Every structure is written in structure tokens, then in C-alpha cells.
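Now for the letters of each chain:
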Amino acid sequence: MHLMFSASAVRRLAATSSYSSNFIRFARRHLSSTTPVSNFDKLGCIGLGLMGHGIAQTAATAAAKDNIHSEIIAFETDQKFLDSGRDRIQKSVDKLVSKERLTSSQADALMGKITFTTDRDALNDTDLI
């Protein structure tokens, strides 16, 4: 597994000491893997802020259009941040539909590729975070 985090996501994850220790154990377990991954089928995105929601949307667009990824796991520590990130992505997708850059069926497929969750265990079997 490969890990990639935005700075704001790391700050939020490390904010609580109980979560911080679990996060460090999670990262060590997956960083110690020596098995190379040639295809990133299932992606995880930690944090849906200004940068994270764009990463999740871009990955989902590639998943929906080119069938590159089977699923995008969008994780947030708090439900209100998760809802806000989902709304940002939905507004952006709706704008693309209104500009006729996406059809409504493509938009539905794009949103269907993203699993929004506050459960960090959903990230356990991802290929890239």
C-alpha cells in the first residue's frame, strides 16, 4: 500500500491522541509492506477539504470514465466534514453536467464510485491512500 496525505488531513488525524496512535500503527503496518503494487484498484482519500475533495473527484472521474479504479473510499474524521466534502464534490459534478462536460449518467456513475465514510477501517484494503 502506498500512502499519500494532505497536510490538513494529517493535522486533523493527529489532533486526538487516541486516533493518533491508531493512525501511526495503521501507517506502519501498511508502509512495512514490500509487495509492489502495479495497479491501484481501490483508492483511499483521507480528508475532503479543498484539496482532498478534488483528489477524490478526479480519481472517481477516472474510475467512471476509464474504469481505472473500482472504488474510492473518501474518509473524514467527523460527519460534518464528510457531508461538506460530499456536497463540494456534488456541486462540482453538477457544474460539469450543466456545462455539458459530463452527462447525468456519467455524473451518477462518478458519484457511485465514491464511498463516503467516517469508519477508518474502510481504508484497510485500499491500494493507495
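Right above here is the structure, for reference.
This report concerns the structure included in the present document.

What counts and how
- The residue numbers shown here count from 1 along each chain, following its written sequence.
- Per-residue local features of the predicted model are confined to residues with pLDDT of at least 70, and side-chain atom pairs are confined, for both listing and counting, to 80 or more; whole-chain, interface and lining totals are unaffected and use all residues.
- Only hydrogens and water are set aside; all other atoms, that is, all heavy atoms of the structure, feed into the side-chain values.
- We define a salt bridge as a side-chain nitrogen of Lys or Arg found within 4 Å of a carboxyl oxygen belonging to Asp or Glu.
- Working definition: helices are DSSP H or I runs of at least four residues, strands are E runs of at least two. Numbering for both runs from the N terminus.
- Categorising residues by exposure relies on relative accessible area from a 1.4 Å probe, with only protein chains included: less than 20% of the type maximum marks a residue as buried, more than 50% marks it as exposed, and the intermediate range marks it as partly exposed.
- Pairing between two strands requires that DSSP report at least two bridges joining them.
- Only the contacting stretch of a helix is used when fitting its axis, a line to C-alpha atoms as for every element, and angles between N-to-C directions run 0 to 180 degrees.
- Every angle not falling under 35 degrees, over 145, or within 65 to 115 is termed oblique; those three ranges are roughly parallel, roughly antiparallel and roughly perpendicular.
- The hand of a helix crossing depends on one turn: near helix anticlockwise from the far one by less than a right angle means left-handed, and clockwise means right-handed.
- By definition in these notes, contact holds between two residues if any of their heavy atoms fall within 4.5 Å.
- Classification used: nonpolar for Ala, Val, Leu, Ile, Met, Phe, Trp, Tyr, Cys and Pro, charged for Asp, Glu, Lys and Arg, polar for all others including Gly.

Once that is clear, we can look at the pattern of salt bridges. Within this structure, the stated rule accounts for 3 salt bridges. Across the salt bridge formed by Lys42 and Glu71, the nearest N and O atoms sit 3.7 Å from each other. Residue Lys42 is found in strand β1 (residues 42-46), and its partner Glu71 is found in strand β2 (residues 71-75); the two are separated by 29 residues along the sequence. The exposure class of Lys42 is buried, given its relative accessible area of 15%. Two residues, Lys42 and Asp125, come together in a salt bridge whose shortest N-O distance is 2.9 Å. Remark: Asp125 occurs in the segment after β3 (114-117) and Lys42 occurs in strand β1; sequence separation between them is 83 residues.

A few words now on the sheet that holds β1. Read across the sheet, 3 strands follow the order β1-β2-β3 without closing on themselves; strand pairing throughout is parallel. Where the open sheet ends on each side, the last strands, each with one partner, are β1 and β3. Taking the axes of each pair of neighbouring strands and ignoring which way they run, one obtains an average angle of 20 degrees across the sheet. With 4 bridges connecting them, β2 and β3 associate as parallel partners.

For the pair helix α4 (residues 79-98) and helix α5 (residues 104-112), interaxial distance at closest approach is 10 Å and the crossing angle is 160 degrees. In terms of orientation, α4 lies roughly antiparallel with respect to α5. Both α4 and α5 take part in a crossing whose hand is right-handed. Every residue of α5 that contacts α4 at Arg86, Ile89, Gln90, Val93 and Val97 is listed here: Ser104, Ala107, Leu110 and Met111. The residue makeup of the contact of α4 with α5, split by class, is 6 nonpolar, 2 polar and 1 charged.

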